[in-house]
Amino acid sequence: MHPVEVLASQLRPDRGWSEHLNAEFRQPYMQQLAEFLADEEQAGKTLFPASHHCFNALNSTPLDQVRVVILGQDPYHGPGQAHGLCFSVRPDVPPPPSLVNIFKEIREDLGVEPPDHGCLQPWAEQGVLLLNSVLTVVQGQAGAHQGKGWETFTDRVIETINRERQGVVFLLWGSYAKKKGRHIDRSRHHVLEGPHPSPLSAYRGFFGCKHFSRANDWLKQEGLAPVDWSLPSKAKLLERYHRESRA
């Protein structure tokens, strides 16, 4: 199989994205991206997340269930962290600083105590699309795959949501996410903007933004169920994954 066919095969056809995004895999930029990723692996580089988690955000949140979109930039580049959802890490990995600050804001906003892990998979399964702009990275090299084509592909994802859905809440944190969301039709969707939750900028207005309660207020106004921003314990999450892996 051509590298682009291998890449396309990671996108689940039953999630509603394929009919809108399959044409992208025939575009020259996507073929070049797939070849670049194959060459990186051939050269012995370790890419994160693992290839089968590359489209985890899209595979976890079907198009017709998207209620909230959180935009990130790059996957984490440390071993065992990235699993295809922005800001999220695997259950057995300590939450990185930005995620710790997200949990702090949720506690102040909603009174929800921070979990003992940093896995946001349960949010994704409730309709929160956790989309990075760039979907792969080289171990230990932040931003290594920027400018290789992923940004164009994820722009198409945002365009698809903008066109096919109504009343979605977009949470845009930091200048990069705000630029990424510049084409969102604000007459169709609700956009909340603020500083990035990084320790370098969270004190400039991320803390106190109340985006989580404001997102839920909007969803309820649209007649949609609010998001449960609490997360199960690490033990319950690992038990569930173990049970599913045996099923």
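Reading guide: rules and limits
- Residues numbered from 1 in each chain as written.
- Predicted model: local features only at pLDDT ≥ 70, side-chain atom pairs only at ≥ 80, totals over all residues.
- Heavy atoms only, no water.
- Helix = DSSP H or I, 4+ residues; strand = E, 2+ residues; numbered from the N terminus.
- Rg over C-alpha atoms; globule rule 2.2 N^0.38 Å.
- Buried < 20%, exposed > 50% of the residue type's maximum accessible area, 1.4 Å probe, protein only.
- Contact = heavy atoms within 4.5 Å.
- Lys, Arg positive; Asp, Glu negative; His and termini not counted.
- Charge placed at Lys NZ, Arg CZ, Asp CG, Glu CD.
- Phe/Tyr/Trp six-rings, centres within 6.5 Å; stacked < 30°, edge-to-face > 60°.
- Core = buried A, V, L, I, M, F, W, Y, C linked by side-chain atoms within 4.5 Å.
- Salt bridge = Lys/Arg side-chain N within 4 Å of Asp/Glu carboxyl O.
- Pairing = 2+ DSSP bridges.
- Right-handed = clockwise from strand over helix to strand, strands pointing away.
- Expected span 1.5 Å × (residues − 1).

1. Details of the overall build of the chain
Within the chain one finds 10 helices and 6 strands. Compactness check: the chain gives a C-alpha radius of gyration of 17 Å against a globular reference of 18 Å for 247 residues, within 12% of the reference. By its C-alpha atoms, the chain is 50 × 40 × 40 Å across when sized along the principal axes. Per-residue burial over the chain gives 51% buried out of 247 residues. Sequence-distant contacts, at least 24 apart, represent 69% of the contacts inside the chain between residues at least 6 apart. When the 27 positive and 28 negative side-chain charges of the chain are each reduced to one mean point, those points stand 3 Å apart.

2. Observations concerning the packing of aromatic side chains
Inspection of every chain in the model, using the stated rule, returns 11 aromatic pairs. Ring plane angle 90° and centroid distance 6.1 Å describe the contact between Phe 25 and Phe 55, whose orientation is recorded as edge-to-face. Pair noted here: Phe 25 is in the loop between helix H2 (18-21) and helix H3 (28-42) and Phe 55 is in the loop between strand E1 (47-48) and helix H4 (56-60), with a separation of 30 residues, a long-range link. A residue is classified by how much of its surface remains accessible, and Phe 25, at 6% relative accessible area, is buried. The exposure class assigned to Phe 55 is buried, which follows from its relative accessible area of 1%. Pairing Phe 212 with Trp 229 gives two aromatic rings, centres 5.0 Å apart and planes at 80°, and the pair type is edge-to-face.

3. Describing the nonpolar core
Within the largest apolar cluster, 67 residues are counted, with the highest numbers of intra-cluster contacts made by Ile 70, Trp 123, Trp 150 and Phe 153. Discounting residues that sit within four places of it in the chain, Trp 123 has contacts with Ile 70, Ile 102, Phe 103, Ile 106, Val 128, Leu 130, Asp 228, Trp 229, Ser 230 and Leu 231.

4. As for the pattern of salt bridges
Evaluation of the coordinates by the stated rule reveals 9 salt bridges. Measuring nitrogen to oxygen at the nearest pair gives 2.9 Å for the salt bridge that ties Lys 45 to Glu 40. In this structure Lys 45 comes out as partly exposed when scored by relative accessible area, which is 35%. Exposure remark for Glu 40: the relative accessible area of 9% places this residue in the buried category. For Arg 240, the salt bridge goes to Glu 125, with nearest N and O atoms at 2.8 Å.

5. Topic: the pairing of strand E6 (residues 190-194)
Two elements, strand E5 (residues 169-173) and E6, share 5 bridges in a ladder whose sense is parallel. Residue pairing across strands places Val 169 opposite His 190, the latter belonging to E6. In terms of handedness, the path from E5 via helix H8 (residues 174-180) over to E6 forms a crossover that is right-handed.

6. Some remarks on the pairing of E5
Regular strands show a simple pattern: their side chains alternate between the two faces of the sheet. E5 sits mainly inside the fold: 5 of its 5 residues count as buried. Residues Val 169, Leu 171 and Trp 173 point to one face of E5 and Phe 170 and Leu 172 to the other, with burial holding for every one of them. Pairing of strand E2 (residues 68-72) with E5 involves 3 bridges; the strand directions are parallel. Its bridge partner being in E5, Val 69 is matched across the sheet by Phe 170.

7. Comments concerning H3
Taking 1.5 Å of rise per residue, the 15 residues of H3 would be expected to cover 21 Å, and the 21 Å separating its terminal C-alpha atoms lies within 8% of that figure. For H3, the elements touching its buried residues are helix H1 (3-8), E1, strand E4 (137-138) and helix H7 (150-164). Count one or two residues on from H3 and you reach Gly 44, which has phi positive near 85°.

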